[in-house]
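Analysis of the macromolecular model
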2 protein chains.
Amino acid sequence: MERNPDELAMRIRQGDKVALSRGLTLVESTRKNDHETALTLLDKLRDQTGNSIRIGITGVPGVGKSTFIESFGQVLVEKGKKIAVLAIDPSSEKSGGSILGDKTRMNKLSQLPEVYIRPTASGGSLGGVAKRTRESILLCEAAGFDVVIIETVGVGQSETMVKEMVDFFLLLMLAGAGDELQGIKRGIMEMADALVITKADGDNEAAAKRARNEYKNAMHLFPPNENGWIPKAMTCSSYTNIGVPEVWETIESFANKMTLSGFLDANRRGQEVYWFKETLKEMLIANFMDAKGMKERILAAEKILFEGKGNAFADAKELMQFYITQLTNAKN
Amino acid sequence: MERNPDELAMRIRQGDKVALSRGLTLVESTRKNDHETALTLLDKLRDQTGNSIRIGITGVPGVGKSTFIESFGQVLVEKGKKIAVLAIDPSSEKSGGSILGDKTRMNKLSQLPEVYIRPTASGGSLGGVAKRTRESILLCEAAGFDVVIIETVGVGQSETMVKEMVDFFLLLMLAGAGDELQGIKRGIMEMADALVITKADGDNEAAAKRARNEYKNAMHLFPPNENGWIPKAMTCSSYTNIGVPEVWETIESFANKMTLSGFLDANRRGQEVYWFKETLKEMLIANFMDAKGMKERILAAEKILFEGKGNAFADAKELMQFYITQLTNAKN
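The shown structure was predicted, so the numbers you read here are calculated from the model rather than taken from an experiment.

1. Focus: the overall build of chain A
- For chain A, the helix and strand inventory stands at 14 helices and 7 strands.
- Put simply, chain A has 332 residues, and 50% of those count as buried.
- Contacts in chain A between residues at least 24 apart in sequence constitute 76% of all its contacts with a sequence separation of at least 6.
- Accessible surface for chain A amounts to roughly 14,700 Å². Of this, 52% is attributable to carbon and sulfur atoms.

2. Examining the relation of the copies chain B and chain A
- Take chain B, turn it by 180°, move it 0.0 Å along the axis, and it overlays chain A with an RMSD of 0.0 Å. A rotation of that kind, with that shift, is consistent with a two-fold axis.
- A share of 100% of the interface residues of chain B reappears at the interface of chain A, consistent with the copies meeting face to face through the same patch.

3. What about the domain arrangement of chain A?
Residues and elements named next belong to chain A.
- Each assigned domain of chain A is listed with its residue range as follows: domain 1 (1-48), domain 2 (49-261) and domain 3 (291-331).
- For the domain 1 and domain 2 pair, buried surface summed over both sides reaches about 1,800 Å², with 58% attributable to carbon and sulfur atoms.
- Applying the counting rule to domain 1 against domain 2 returns 1 salt bridge.
- Counting every contact that joins domain 1 to domain 2 gives 11 residue pairs in polar contact (both at pLDDT 80 or more).
- Taken together, the elements giving at least two residues each to the side of domain 1 that touches domain 2 come down to helix H1 (5-13), helix H2 (17-28) and helix H3 (32-45).
- Ranked by residue count, the leading element in the side of domain 1 that touches domain 2 is H2, at 8 residues.
- Within the side of domain 1 that touches domain 2, the residues separate by chemical class into 8 nonpolar, 7 polar and 5 charged.

4. Section: the packing of helix H2 (residues 17-28) of chain B against helix H3 (residues 32-45) of chain B
Residue and element names in this part refer to chain B.
- Where H2 meets H3, the closest approach of the two axes is 7 Å, and the angle between their N-to-C directions is 125°. Our classification of the angle between H2 and H3 gives oblique. Between H2 and H3 the crossing geometry is left-handed. Contact residues: Gly 23, Leu 26 and Val 27 in H2; Asp 34, His 35, Thr 37, Ala 38 and Leu 41 in H3.
- When the residues that make up the contact of H2 with H3 are grouped by side-chain class, the tally is 4 nonpolar, 3 polar and 1 charged.

Criteria and cut-off values
- Residues numbered from 1 in each chain as written.
- Chains lettered and ligands numbered in written order.
- Predicted model: local features only at pLDDT ≥ 70, side-chain atom pairs only at ≥ 80, totals over all residues.
- Heavy atoms only, no water.
- Helix = DSSP H or I, 4+ residues; strand = E, 2+ residues; numbered from the N terminus.
- Buried < 20%, exposed > 50% of the residue type's maximum accessible area, 1.4 Å probe, protein only.
- Contact = heavy atoms within 4.5 Å.
- Areas by Shrake-Rupley, 256 points an atom, 1.4 Å probe, with all protein chains shown as cover.
- Least-squares fit on C-alpha atoms with pLDDT ≥ 70 in both.
- Domains from an automatic or database assignment.
- Buried area = accessible area lost by both parts, 1.4 Å probe.
- Salt bridge = Lys/Arg side-chain N within 4 Å of Asp/Glu carboxyl O.
- Polar contact = N/O pair within 3.5 Å; in protein donor to acceptor, adjacent residues only side chain to side chain.
- Nonpolar A, V, L, I, M, F, W, Y, C, P; charged D, E, K, R; others polar.
- Axes fitted to C-alpha atoms, helices over the stretch in contact; angles between N-to-C directions.
- Parallel < 35°, antiparallel > 145°, perpendicular 65-115°, else oblique.
- Left-handed = near helix turned anticlockwise from the far one by under 90°.

Following this line, the structure appears as structure tokens:
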């Protein structure tokens, strides 16, 4: 397939989905050369990025994320939007067949020309994929998509990362605060800009509305966001479609307000600096861990500390000294 | 004053408050020699540590932290406990007179022989002081205190750090979810093991109870803690003392449950490893930032990124290369 960044950039700019897929594969690749090609590609497309609304959608398995996106996506297409869906799903690592799986799950949506769905084809670590998703968003924007949706499963570390790359963070939940909640990671609720109770239809409708009211009250007990936005609590049914257009209206109203106040832009610029720092930190730690014999030393220190012996500060200092010696000797 | 670690260790073990103060000053010192003496001292006392209940107490200025601790502390002393209070308060950096200030605030408590109060005498950064507080807790334990209270103001980064060094985290709040909440940092509520509405007396009592019920309902909407503990919502008055003994009963019940289930110990061991990793990361970053010309380069990269130009990944890679070259050249 096409590997020439100039050719790829041109085709992506024209909205060519095959070229976009190729670009995303380069972005996600764990091979060094591929990722360098991806960075070159991104540089060429940078002036075409930033024009979408970036939405993170999370919720535990079973909450109905796919059916929600299927319904939500169609609402957007009816409003004339072109949408891209990027999924970060650890389960796909296990099944290995998520590409077909996701497209089947979003059956009608995936067949629309205005829609591009990209499931995770994760060979490496989930964390690694999540970080690259930032670059994937930019490629989708260059390909002309107006809304980019990042889907995660709400059980791991990915959500914190996704929060740092989107404009709006949506948490899907089920009615009933019992067992269904067990899977959600603590801290995710406070990250949400809106909380949507799904499956608000039939016998479940009353319970969903009750849950919505409970969350609505709870949201008011929280410290407000810096941007002045009070997180919304809503209900919807992906089956009857009731409430789904309202979710989009909420996001649109958020985007309009934040664009006007300058918070949307300030948030994105802050995110850029955040990722720069994160990447730097990560590279530094990787270099440290790569020093000969370092991993063994760290494991040994952790073991002693976990047994209640050892001294965190002194142990860290010793390892740091070892690192600098290793690094300077490597050159000589 | 005494600087010999053997002598100091002996006197701290005997519960000598003057020696303890001297030890804490060494722990908090930004001078390298002092901190090394402190580490030697800690090593000598390590077998005497770990026997207290470590409690973090936070809440915005005005919530009544000092009067709560004044009242709470006396309840503990009546139960035969020896208590140490360590305060991390950024305001003391400004006033410069927090030592007298804090002792005056906790007037009765500070005069009891079973009590030791140590306000922040922060010369350096607040973050630096907060990190050292971990070591301060150990010194207080070696001096025989049964309960160690860490007081913070709930508006900065310190709370996350304090959460990682205590067994129980208490959030004080005022009735009314309006303006009073503005100051609390997002994310702190989810860290709390108990939430206490203060000033539940006189005209305010009904409002406090209403608020307690609201928070109680909200707490149930949250994902549960890994240790199975459901955060409590309570009211108290430091003026009438009503509700204050119940706060201690809650903490004692928590400590008993967690000791039995093994979570208290597991949590502490996890905290040790956490601090080892944090310290290592911090040293690594400090070494990186100390490379000649690095600070200027980072500021320049951040400026470009903030303007929407630049490439976070490529910029980070370049700086990393620069660091390694600097480090290896320094030796040659």
